[in-house]
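Analysis of the macromolecular model
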Amino acid sequence: MAIKYTPEPFRIKMVETIKMTTREEREQKIAAAHYNLFNLRGEDVYIDLLTDSGTNAMSQEQWAGVMRGDEAYAGASSYFKLVETAQEIFGYDYIQPVHQGRAAEKVLFPSFLHKGQFAISNMFFDTTRAHVELAGARAIDCVVEEAKDPSKRCKFKGNMDVVKLEQLIQEHGAENIGLVVMTITNNSAGGQPVSMQNMKDVSEICKKYGIPLDIDAARYAENAYFVKRDEETCKDMSIMEIIHKMFSYADMFTMSAKKDTIVNMGGLIGIKDQTKNADLIMKIKANCISFEGFITYGGLAGRDLEALAIGLREGLDESYLKYRIGQMEYLASLLDDAGIAYQSPVGGHGVFVDAKAMFPQIPYYEFPGQVLGVELYKEAGIRACDIGSYMLGNDPDTGKQLHADFEFTRLAVPRRVYTQAHFDIMADALIAIQKRAHEIKHGYKITWEPPILRHFQASLAPIEK
Ligand SMILES: *Cc1c(COP(=O)(O)O)cnc(C)c1O
């Protein structure tokens, strides 16, 4: 039986009209887009679940902040407000704004990673993996085994496999591991949380081998909500206390602020200990000035810094987080009723439908996650994305198609944007596709691809036999 929808702890003050299209129009548009959902025009999408990144609805306080934003080139008051807010939340000394998450990676990673080295993560997000490789190193995923079985319901499926982590360090030599990255929540594994205990264990291993520990912090607030809900030892802590403690185990963080801080653009770098890391901070500042802009704006307008400072706090509100995670739980329960498999229990920022289970007849190299993504668009104008072999791409050394651990279609949910009726439409569309899934015999082939991060730009064609 479906659970109740958690009501919104806000009301709507401004609306944006969305276009309704016919199935015929959508079939023609997706063909013209070479079956790549990133090539569609946003206006041709009814419910846009391509990503929860930068697609959030800001509050009236944030919009008021936009008007107050200080546009001084150097030393803007909005910069100081942002830095002081972040210092208070994370307990870190040095805070550097940048224009988005991948900019944080670009500015920070070259100080830790070089050719011949490795970075190990509970799972790398796609751009994070790309920046490890651009720095010349190789990225290794080390998530717990249970994450790889979408039907296995257990807590903290985003965790690092600590036994395997230590084996990998010994196998490659501690001196060749430039960085360990803890992604919270674990985006690629389905928005699955990382426990406090796991963060502590990983931190101890990193200390033992002298390897720096970075938190990829895009969804740190959703992660804290899961820790409070599901980790016995943390149930009486506030969200803020959980975040403080979690970040105390790492040395630095890189953050896409387009997720849990509920803005449309922004990113942060944090360094815990300023005195121990004077050289590193100097390098960060130099890279930031070259790539992003002067250190007190980091590629953002003053109004963005102001909205970000406000969003950092709004994202920690417990009734907001309950509603937010409640949306995922609601959709997941509708799928449970219909017998549709997804990464379970449901994670923080979306529902990751198990496309391999829906299309067992389609092999990984014909991209089942992409098949379901295209079907969702044709069925109901819903735009999702593949998180599977299509996204993973080719081995950078051999050029061979990699075989992903999962073939998901991710329905990522923008924050404070869609209502219960939209969620019912998502479930109905998935149920309709499930009914005719066996009729779809083949997937897609790639007719053109760029050398890196191919899924954003590649052209595909249906395989017909
Ligand atoms: C979105 C994201 C990034 C990259 O951030 P952008 O703001 O998109 O550049 C990095 N890591 C994780 C886990 C993310 O979700």
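Reference entry: report on the structure contained in this document. (Residues numbered from 1 in each chain as written. Predicted model: local features only at pLDDT ≥ 70, side-chain atom pairs only at ≥ 80, totals over all residues. Heavy atoms only, no water.)

Where helix α4 (residues 101-108) contacts helix α5 (residues 126-134), the two axes come as close as 10 Å, and the packing angle between them is 20°. Classed by the angle they form, the pair α4 and α5 counts as roughly parallel. Read as a crossing pair, α4 and α5 show a hand that is right-handed. Here α4 contributes R102, E105 and K106 to the contact with α5, which in turn contributes T127, T128 and H131. Across the contact of α4 with α5, the residue classes break down as no nonpolar, 3 polar and 3 charged. (Axes fitted to C-alpha atoms, helices over the stretch in contact; angles between N-to-C directions. Helix = DSSP H or I, 4+ residues; strand = E, 2+ residues; numbered from the N terminus. Parallel < 35°, antiparallel > 145°, perpendicular 65-115°, else oblique. Left-handed = near helix turned anticlockwise from the far one by under 90°. Contact = heavy atoms within 4.5 Å. Nonpolar A, V, L, I, M, F, W, Y, C, P; charged D, E, K, R; others polar.)

This part is about the layout of surface pockets. Of the pockets and cavities examined, the largest pocket occupies roughly 1,500 Å³. In this structure, the largest pocket is lined by 38 residues; those nearest its centre are M14, A57, M58, R416 and V417. For the lining of the largest pocket, the elements supplying multiple residues, two or more each, are α2 (60-68) and α12 (318-338). Split by residue class, the lining of the largest pocket holds 17 nonpolar, 10 polar and 11 charged. What the second largest pocket holds in volume is close to 880 Å³. Lining the second largest pocket are 39 residues, and of these R129, E133, L392, N394 and L402 sit closest to its centre. Along the lines of polarity and charge, the residues of the lining of the second largest pocket split into 20 nonpolar, 7 polar and 12 charged. (1 Å grid on protein atoms, 1.4 Å probe; cavity = no way out; pocket = protein on both sides within 12 Å on 5 of 7 lines; lining within 4 Å. Points joined across faces, edges and corners; volume = space filled by probe spheres on them.)

Let us look at the site of the ligand. The full set close to the ligand counts 15 residues, and Q100, R102, D216, S256 and K259 are the nearest of them. Here N187 contributes a side-chain N or O atom positioned 3.1 Å from an oxygen atom of the ligand. Residue D216 places a side-chain N or O atom 2.7 Å away from a nitrogen atom belonging to the ligand. Out of a free accessible area of 380 Å², the ligand has 98% covered by protein chains. Among the elements of the structure, α4 and α5 are those that each provide at least two residues to the shell around the ligand. Ranked by residue count, the leading element in the shell around the ligand is α4, at 3 residues. Of the residues in the shell around the ligand, the class split is 2 nonpolar, 7 polar and 6 charged. (Near = heavy atom within 4 Å. Polar contact = N/O pair within 3.5 Å; in protein donor to acceptor, adjacent residues only side chain to side chain. Areas by Shrake-Rupley, 256 points an atom, 1.4 Å probe, with all protein chains shown as cover.)

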